[in-house]
Amino acid sequence: MERSTITRSFLLLSFIVAISLLHYLTPLHLPYLHDIFQRLYYLPIILAALWFGFRGGLVCSIVVSFAYAPHVLFQWGGELTLEMEKYLEIILYNIVGGVTGILSQRERERAVELQKTARGLEESYQKLQQQSERIMAIEEQLRRSERLSTLGEMAAVLAHEIRNPLGSIRGTAEILRDDYPPADPKHEFIEIQIKETERLNRVVEGFLNMARPQPAEMQACSLQEELETIATLTAADAKKRQVTLVLERPAEPVVLTADGEKLRQAFLNIVINALQATPPGGSLTISTELRGEQAPEMCEIRFRDTGPGIDPEMLEKIFEPFYTTKTYGTGLGLAVTKKIIESHRGMLQVESELGKGTMVKVSLPMERPKAA
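(A) Region of the structure containing a nonpolar patch on the surface. The grouping of Leu13, Val17, Leu21, Tyr24, Leu25, Val59 and Val63 at the surface amounts to a nonpolar patch, some 630 Å² of accessible area in total. Looking at the nonpolar patch, the elements that each hand over two or more residues are helix H1 (3-25) and helix H3 (42-75). It is H1 that provides the largest number of residues to the nonpolar patch, a total of five residues. On the basis of relative accessible area, tyrosine 24 is assigned to the partly exposed category, the value being 32%.

The structure is reproduced here in structure tokens:
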């Protein structure tokens, strides 16, 4: 029984006892006081009905009847016909207690139903809000798909209209370069022309890879071998930038069904971005964690750098095509990487905090090596 229930019951009982004592201790030649006291019994009866419902009101009225009846029988006794209203008062006690209890209980049940309805409406609102957010996310994905579709249509034209002239320009520049020694000022201009041509060619290549990727050749490959290849390819760049490159081996061999060449391209984009963002004296750590509680089993490759971190506003845009903060970047590296990872049924996530570095997480489904 709750503490409030005990307290209320004690108050009602004290009220009834106090009124009964007033009845029994007041002389009979003061009938107007007895009339007041017998009306006071309605207070605990109504309170009991309001607090405890029908059962509480009825029990309290019965207790009041038993407390008041001896006073009528033994103190007013002999004049039965003259004191009939006192017996009727006892009946009224029970009627008031029962009716008030029923009304109070119905009101309480209605309040409970209203609370349930309110909770149901709140849950429905939350579900609608979640569905609305999901619909907005789907619409955003559709808009991105439309943009990529447009890129694909443009890529077919750009591939022919730009790459062939670029090859001619570069070939001509290389021929002219041979006619001028390195000390000649024109040699420097020709070198700039060749470098800019190469950069423009890389932009077109990234554009094509983003808009019209080639079909992946899926086969079993070792994740550790792919990561070691990436570490070897980027070791010289890391040393040049004075960044410590650490490759941690997984607890057990990880075999993926993937296109090894495309995975290397995705990992290489991530590592190059991390090295470019990490200041001298910093570090880049590549680690692998297995998560066997899911189906299929997943491996998570983490690329954690100690760079300056990414602003939260920029973090939402880094996967958009052509978005870049670099002076000479194309803005296609991470967009291509995300597309490659998703084509392998994986997921790419970026966590970053200003001043504390960035962590790129790549989750990929894995295969257990078959027992011989």
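(B) The sheet that holds strand S5 (residues 298-305), seen in detail. Strand order in the open sheet made by the five strands is S2-S4-S5-S7-S6, with mixed pairing throughout. Every other strand in the sheet has two partners, leaving strand S2 (244-247) and strand S6 (347-353) as the edge strands with one partner each. Pairs of neighbouring strands in the sheet enclose a mean axial angle of 15°, with direction left out of account. Here eight bridges tie S5 to strand S7 (residues 357-365), and the two strands are oriented antiparallel to one another. Within S7, the residue paired with isoleucine 301 across the bridge is valine 362. Taken strand by strand, helix H6 (residues 223-240) contacts S2, strand S4 (283-291) and S5, and its axis lies near 170° from that of S2. Against the sheet, helix H9 (residues 333-343) touches S6 and S7, its axis set at about 135° to S6.

(C) Seen up close, the packing of aromatic side chains. Tallied over the entire structure, the rule returns three aromatic pairs. Judged by centre distance (5.8 Å) and plane angle (45°), the rings of phenylalanine 267 and phenylalanine 303 are tilted. Residue phenylalanine 267 is found in helix H7 (residues 260-277), and its partner phenylalanine 303 is found in strand S5; the two are separated by 36 residues along the sequence. Residue phenylalanine 303 is classed as buried on the basis of its relative accessible area of 1%. A connected cluster of aromatic rings, assembled from ring pairs, spans Tyr41, Tyr42 and Tyr93.

(D) Local environment of the pairing of strand S3 (residues 255-258). Here S3 shows a clear split, with Leu256 and Ala258 buried on one side and none of Val255 and Thr257 buried on the other. In this structure, strand S1 (residues 219-222) lies alongside S3, joined through four bridges in antiparallel fashion. Bridge pairing links cysteine 221 to leucine 256 in S3.

(E) Structural context of the state of the cysteines. Throughout the structure, instances matching the rule amount to zero disulfides. Looking at cysteine 221, it has no disulfide partner, and the nearest cysteine sulfur is the one in cysteine 299, 9.7 Å off. For cysteine 299, a relative accessible area of 0% corresponds to the buried category.

(F) Broad picture of the pairing of S6. When S6 meets S7, the two strands line up antiparallel, connected through seven bridges. Paired with serine 352 across the bridge in S7 is threonine 358. The antiparallel pairing of S6 with S7 creates a hairpin that spans three residues between the two strands, and glycine 355 there sits at a positive phi of about 85°.

What counts, and where the lines are drawn
Residues numbered from 1 in each chain as written. Predicted model: local features only at pLDDT ≥ 70, side-chain atom pairs only at ≥ 80, totals over all residues. Heavy atoms only, no water. Patch = residues over 30% accessible without salt bridge, like charges linked within 9 Å, V, L, I, M, F, W, Y side chains within 5 Å. Areas by Shrake-Rupley, 256 points an atom, 1.4 Å probe, with all protein chains shown as cover. Salt bridge = Lys/Arg side-chain N within 4 Å of Asp/Glu carboxyl O. Helix = DSSP H or I, 4+ residues; strand = E, 2+ residues; numbered from the N terminus. Buried < 20%, exposed > 50% of the residue type's maximum accessible area, 1.4 Å probe, protein only. Pairing = 2+ DSSP bridges. Axes fitted to C-alpha atoms, helices over the stretch in contact; angles between N-to-C directions. Contact = heavy atoms within 4.5 Å. Phe/Tyr/Trp six-rings, centres within 6.5 Å; stacked < 30°, edge-to-face > 60°. Disulfide = S-S within 2.5 Å.

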